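# An overview of the molecular structure
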Amino acid sequence: MDAQSPTTSSRATAIQQVWASPLYRGATLALFLSGLATSASLPQIVLFLVKELGASLPVAGLYYLSGLTAPIAGYLVGSYSDRTGRRLGLFRLCAVAGAVGWAGIALSTKPWMPFVIGTVLLGFSGSATSQLFTAIHDDLKVRGASANDSVVAIIRMALTAGWVIGPFLGAWFAVEIGLRAMLWGTAICFFAQIIPLGAQQALVGPGQRADKKTDAVGRVGWSDMLPLLAFTGLYVLVYAGEPIKYGFLLPYMQDQLKLDPSIQGSVIGTQPFIELILMPFSVVLARRIGILWMMCVAAICGVMANLCFAAWPTAMGMFAGQILMGGVWGLYMVLGLIVAQRLLPNAVATASAIFMSSSALASALGGGVGGVGVAYLGLPHVFYLPAAFSLVAAIGLAAMARSGAIR
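Just so you know, these numbers come straight off a predicted model, no measurement behind them.

Cut-off values and rules
- Residues numbered from 1 in each chain as written.
- Predicted model: local features only at pLDDT ≥ 70, side-chain atom pairs only at ≥ 80, totals over all residues.
- Heavy atoms only, no water.
- Helix = DSSP H or I, 4+ residues; strand = E, 2+ residues; numbered from the N terminus.
- Rg over C-alpha atoms; globule rule 2.2 N^0.38 Å.
- Buried < 20%, exposed > 50% of the residue type's maximum accessible area, 1.4 Å probe, protein only.
- Contact = heavy atoms within 4.5 Å.
- Areas by Shrake-Rupley, 256 points an atom, 1.4 Å probe, with all protein chains shown as cover.
- Lys, Arg positive; Asp, Glu negative; His and termini not counted.
- Charge placed at Lys NZ, Arg CZ, Asp CG, Glu CD.
- Patch = residues over 30% accessible without salt bridge, like charges linked within 9 Å, V, L, I, M, F, W, Y side chains within 5 Å.
- Salt bridge = Lys/Arg side-chain N within 4 Å of Asp/Glu carboxyl O.
- Expected span 1.5 Å × (residues − 1).
- Polar contact = N/O pair within 3.5 Å; in protein donor to acceptor, adjacent residues only side chain to side chain.
- Axes fitted to C-alpha atoms, helices over the stretch in contact; angles between N-to-C directions.
- Parallel < 35°, antiparallel > 145°, perpendicular 65-115°, else oblique.
- Left-handed = near helix turned anticlockwise from the far one by under 90°.
- Nonpolar A, V, L, I, M, F, W, Y, C, P; charged D, E, K, R; others polar.

## Quick look at the overall build of the protein chain
A tally of regular secondary structure across the protein chain gives 16 helices and zero strands. The globule rule puts the C-alpha radius of gyration for 407 residues at 22 Å, and the 21 Å found for the protein chain is close to it. Its C-alpha atoms give the protein chain principal-axis dimensions of roughly 60 × 50 × 40 Å. The proportion of buried residues among the 407 residues of the protein chain is 54%. By sequence separation, contacts in the protein chain at least 24 residues apart represent 82% of the contacts at least 6 residues apart. Here the protein chain has roughly 17200 Å² of accessible surface; of this, 70% comes from carbon and sulfur atoms. Distance between charge centres in the protein chain, computed from 23 positive and 14 negative side chains, equals 6 Å.

## Description of a nonpolar patch on the surface
A cluster of nonpolar side chains, namely Ile 72, Tyr 75, Leu 76, Phe 124, Trp 222, Leu 226 and Leu 229, defines an oily patch on the protein surface of about 700 Å² accessible area. Those elements giving two or more residues to the nonpolar patch turn out to be helix H4 (70-84) and helix H10 (222-239). Position of Leu 229 among the secondary structure elements: in helix H10.

## Some remarks on helix H8 (residues 148-176)
Since one α-helical turn is 3.6 residues long, residues separated by three or four positions face the same way. With 29 residues, H8 should cover 42 Å at 1.5 Å per step; its first-to-last C-alpha distance of 42 Å lies within 8% of that length. Where H8 terminates, the next one or two residues include Gly 178, which has phi positive at roughly 105°.

## With respect to the environment of Ile 117
For Ile 117, the position within the fold is in helix H6 (residues 112-125). Sequence spacing of Ile 117 and Pro 243 is 126 residues, and the spatial spacing of their C-alpha atoms is 22 Å. In contact with Ile 117, not counting residues within four places along its chain, are Gly 101, Gly 104, Ile 105, Ser 108 and Leu 122.

## Concerning the environment of Ser 352
Note that Ser 352 resides in helix H15 (residues 348-377). By relative accessible area, Ser 352 is classed as buried at 0%. If near-sequence neighbours (up to four positions away) are discounted, Ser 352 is found in contact with Ser 130, Thr 134, Leu 337 and Gln 341. Only 2.8 Å separates the side chain of Ser 352 from the backbone oxygen of Val 348, close enough to count as a polar contact.

## Looking at helix H16 (residues 384-403)
Taking 1.5 Å per residue, 20 residues should reach 28 Å; H16 reaches 29 Å between its end C-alpha atoms and fits that length. The elements touched by buried residues of H16 are H10, helix H11 (241-256), helix H13 (291-311), helix H14 (315-343) and H15. Positive backbone phi, at 75°, marks Gly 404, one or two positions downstream of H16.

## Side note on unusual backbone geometry
With an omega of 5°, the peptide bond between Leu 379 and Pro 380 qualifies as cis. With respect to the helices and strands, the residue Pro 380 is situated in the loop between H15 and H16. You will see that Lys 258, though not glycine, has its phi angle at about 55°, which is positive. The class for Lys 258 is exposed, based on a relative accessible area of 62%.

## A short note on the packing of helix H2 (residues 22-51) against helix H5 (residues 87-106)
Each pair of packed helices can be described by the angle between their axes along with the distance between the axes. Where H2 meets H5, the axes come as close as 12 Å, and the angle between the chain directions of the two elements is 25°. Taken as axis vectors, H2 and H5 run roughly parallel relative to one another. The interaxial crossing formed by H2 with H5 has left-handed handedness. Taking contact as the criterion, the partners of Leu 23, Ala 30, Ser 41, Leu 42, Ile 45 and Phe 48 in H2 are, on H5, Leu 88, Phe 91, Trp 102 and Ile 105.

## A look at the packing of helix H12 (residues 261-289) against H13
Following both chains from N to C, one finds H12 and H13 inclined at 115°, their axes separated by 7 Å at the closest point. For the pair H12 and H13, the crossing hand works out as right-handed. Contact residues: Leu 285, Ala 286 and Ile 289 in H12; Ile 291, Trp 293 and Met 294 in H13. Tallied by class, the residues present in the contact of H12 with H13 amount to six nonpolar, no polar and no charged.

Any functional reading would require information beyond the geometric quantities listed.
The structure is reproduced here in C-alpha cells:
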C-alpha cells in the first residue's frame, strides 16, 4: 500500500501499520542508524581529541558543550518546517549535515576543528530525527488510523535499539580499525539514513500542501510555547542525571566498590535492557493512568535510582538503580515526544525539534554540575544532585498533570 494513502484500516495493529507503510519502515531503519551512529561516536570523541589531536583531557571534556547550539538549530529547523511543511526534505539536509560534520571531524588535524564542526554542523544534524517524527505524526493524522501512539512507540524503539548497540560497536571498531576510521563509519551511517526513505515526500496534514505555506501551521506565539518550554525544562532536569551517571558510576564501581568487571558490565547493560522491555507497554500505561502522570512516575523513578547509587553501596544497589533508570527512560523515550507534540499541536515540527535537541543542553548541564559536584561532594554523594533535580521535575510534572495541560 502506498505510504501516503489515507486508506489504512483503522483496525490494523500498530505493528501492521509500521510494516505496511514504506514511510514507517524507512523511518524505523533510519532512526536505528541514527542511534547507532551517534551512540558509537560520542563516547569516543574525547579519546579522539586526546590521542589523535593532542588535546588535554580537561579541554577534550569541554567538547560536549558544543551541543549547546542544538536547541537553537532545532528551533530554526522546526519553525521553518512548520511554515513550509517540507519535513523529509529538511530531514535529508540535516542527515547530510551530520555526515559532512563527522567526516570533517575524522579529517581534523587541530583540536579546535571538532569544536567548530560540532557547534555548527552537528547542531543541525540532530534535527534529522525530529523531522522524521514530525513526518510520521503528519501521516498518522492524515490517515486517521488507530493506535497512533503505539506506532510512534514501535518506531521510537528502533532509535533506542541503536543506542543500545552503538557504544559496544564504537568501542570495538575504535580498537580494531582506529578512531578515525570509526568516525568515518559514523559519517557513513548518518548519510545512510537517507537511503531507506528513498524519494518519498511526507504529508503535512488534512487539506494542507507541503509545497505551500499554510495559515494554520507554524504561527505560534511565545505564550503558546510556554507549556512546551516548561515541560522541556523539566525533561532537562531529569536527563541531566545521565551524564553524571555515565561519568562517575563506573569509576565508583571500580575504585570504591571494587566490583568484578563482569558485574560492572552487567550493571551498565541493565538499563537499556529494561528500557526495551518497558517501551512497548508505555503507551498502554499512559492511556490508563494519564500521560503526564506517567511522566511524573518516571521522574520519581529517577529520584529513587539516584538514591540507590548514593546510599546503597553494593552491587545490588547498583542493579536496583539501573533497573529504576530503565523505567525512567522506557517511559520518557516514548512518551516525551508525544507530550511535546500535544503541547504545541499547531507546530509539531517546532515542538519535536525543541524537545529532542534539549538532550544536548541537559548533557552540558549535567556535565558541568557533575564536575563541580564531585569536587565538593565526592563519590557517591554526587548522585544526590540528580536525585534533587528529578524530584523538582516530578513536582513540576505533577502540577502540569493537575492543571490539565493535556486532556
